[in-house]
Amino acid sequence: MDIRVKDLVKNYGSGETLVQAVKKCSFTISQGERVAVVGPSGSGKTTLLNIIGGLDAMTSGTVMYDDMPLPFDNEDKLANFRLKNIGRVFQSYNLIPELTAYENIIIPALLNSAKPDKDYIRYVVSMLEIDKRLSHYPSELSGGQQQRVAIARALTNKPSVILCDEPTGNLDEKSSDTVISLLKRTSNEFGCTLVIVTHDSGIAEQMDRIITITDGSVSEKE
């Protein structure tokens, strides 16, 4: 799916307390493209990602997936769209500590009222090199292993788009390099669009394109 953002605005508060987190942003991300979103802390990167991912409504503007606008006016439709089309990877992993790695991975399929595709999941966890750790709980995994579980979970429903918010922020350099390599391989393997919010210029330079957001406004670097 192509992602088309047009004149996107996100405000918080009103009057003297008005804060413009995102200001008239417009850009397109093509299907299968790998894009980094960079910028200073507080510049609006995560807000922008959350709007693209349907987690936060904009004040004005549009977000289109192919020719379909995100249905922000209908929470059920929006939740269903997110579940079927968007995989999320977070800095803090967001794994459920009481569940095993495998149980965490299949949560999106269960929420989708579908049986997990065991052959597909077996392939994914093998590619991510966590097939020997599926019975372990998050507390028994390293940070890098937890992030791999989170990536596998993001892939469970075969999304068209993977959105990552500082996915290496809690990892050491070696684990960070491995996770980025796996995300790039995942994008290539499954044809997913990959959007990564990062403060790491080295990671950003590995993507196809860089979108820079400064004080809520965007510019692009090819």
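Residues numbered from 1 in each chain as written. Predicted model: local features only at pLDDT ≥ 70, side-chain atom pairs only at ≥ 80, totals over all residues. Heavy atoms only, no water.

On to the packing of aromatic side chains, then. Under the definition given, this model contains three aromatic pairs. Both rings, one in tyrosine 65 and one in phenylalanine 81, keep their centres 5.0 Å apart while their planes meet at 70 degrees; by these two values the pair is edge-to-face. Taken together, the positions of tyrosine 65 in strand β4 (residues 60-65) and phenylalanine 81 in helix α2 (residues 75-85) put the pair 16 residues apart, joining distant regions of the chain. Using a relative accessible area of 1% as the deciding quantity, one classes tyrosine 65 as buried. Summarising the aromatic geometry, the rings of tyrosine 123 and phenylalanine 190 are spaced 6.2 Å apart at their centres and angled 85 degrees between planes, so their arrangement reads as edge-to-face. On the criterion of sequence distance, the pair formed by tyrosine 123 in helix α5 (residues 118-127) and phenylalanine 190 in helix α7 (residues 173-190) is long-range, its members being 67 residues apart. (Phe/Tyr/Trp six-rings, centres within 6.5 Å; stacked < 30°, edge-to-face > 60°. Helix = DSSP H or I, 4+ residues; strand = E, 2+ residues; numbered from the N terminus. Buried < 20%, exposed > 50% of the residue type's maximum accessible area, 1.4 Å probe, protein only.)

Once that is clear, we can look at α7. Here α7 spans 26 Å end to end across 18 residues, near enough to the 26 Å set by a 1.5 Å rise per residue. Looking only at α7, the buried set comprises Ser176, Val179, Ile180, Leu182, Leu183, Thr186 and Ser187. For α7, the angular spread of buried residues about the axis comes to 160 degrees, placing them on one side. Exposed residues lying more than 90 degrees from the buried face of α7 are Glu173, Lys174 and Asn188. Residues of α7 that are buried make contact with β3 (34-38), α5, α6 (143-155), β7 (161-165), β8 (193-197) and α8 (201-204). Residue aspartate 172 occupies the N-cap position of α7, its side-chain oxygen lying 3.3 Å from the main-chain nitrogen of lysine 174. Where α7 terminates, the next one or two residues include glycine 191, which has phi positive at roughly 70 degrees. (Expected span 1.5 Å × (residues − 1). Arc of directions from axis to C-beta. Contact = heavy atoms within 4.5 Å. Polar contact = N/O pair within 3.5 Å; in protein donor to acceptor, adjacent residues only side chain to side chain.)

With that settled, the discussion passes to the pattern of salt bridges. Enumeration according to the criterion identifies nine salt bridges in this entry. Two residues, lysine 10 and aspartate 56, come together in a salt bridge whose shortest N-O distance is 3.3 Å. In this pair, lysine 10 sits in strand β1 (residues 3-12) while aspartate 56 sits in the loop between α1 (45-52) and β4, placing the two residues 46 residues apart along the sequence. There is no split in this pair, since lysine 10 and aspartate 56 are both buried. A salt bridge links glutamate 33 to arginine 209, with the nearest nitrogen and oxygen atoms 2.8 Å apart. (Salt bridge = Lys/Arg side-chain N within 4 Å of Asp/Glu carboxyl O.)

On to the side chain of arginine 88, then. Structurally, arginine 88 can be placed in strand β6 (residues 86-90). In terms of polar contacts, arginine 88 uses its side chain to reach the side chain of asparagine 50, at 3.2 Å. The contacts of arginine 88, once residues within four sequence positions are left out, are Leu49, Asn50, Gly53, Leu55, Ala150, Ala154 and Leu163.

Okay, the environment of glutamate 75 next. Here glutamate 75 is to be found in helix α2. At a separation of 3.4 Å, a polar atom in the side chain of glutamate 75 contacts the side chain of arginine 82.

Here the focus is the pairing of β1. As paired strands, β1 and strand β2 (residues 19-29) are joined by seven bridges and run antiparallel to one another. If you follow arginine 4 over to β2, its bridge partner there is threonine 28. Hairpin connection between β1 and β2: a loop of six residues separates the two successive antiparallel strands, and glycine 13 in this loop has a positive phi of roughly 75 degrees. In the sheet, β1 pairs with β4 via five bridges, with the strands oriented antiparallel. Of the residues in β4, the one forming a bridge with arginine 4 is methionine 64. (Pairing = 2+ DSSP bridges.)

Interaxial distance between α6 and α7 falls to 10 Å at its minimum, and their mutual angle equals 15 degrees. Between α6 and α7, the angle falls in the class roughly parallel. You can see that α6 and α7 cross each other, and the crossing is right-handed. Residue-level inspection shows Gly144, Gln147, Arg148, Ile151 and Leu155 of α6 in contact with α7, the latter providing Ser175, Thr178, Val179, Leu182, Leu183, Thr186 and Phe190. (Axes fitted to C-alpha atoms, helices over the stretch in contact; angles between N-to-C directions. Parallel < 35°, antiparallel > 145°, perpendicular 65-115°, else oblique. Left-handed = near helix turned anticlockwise from the far one by under 90°.)

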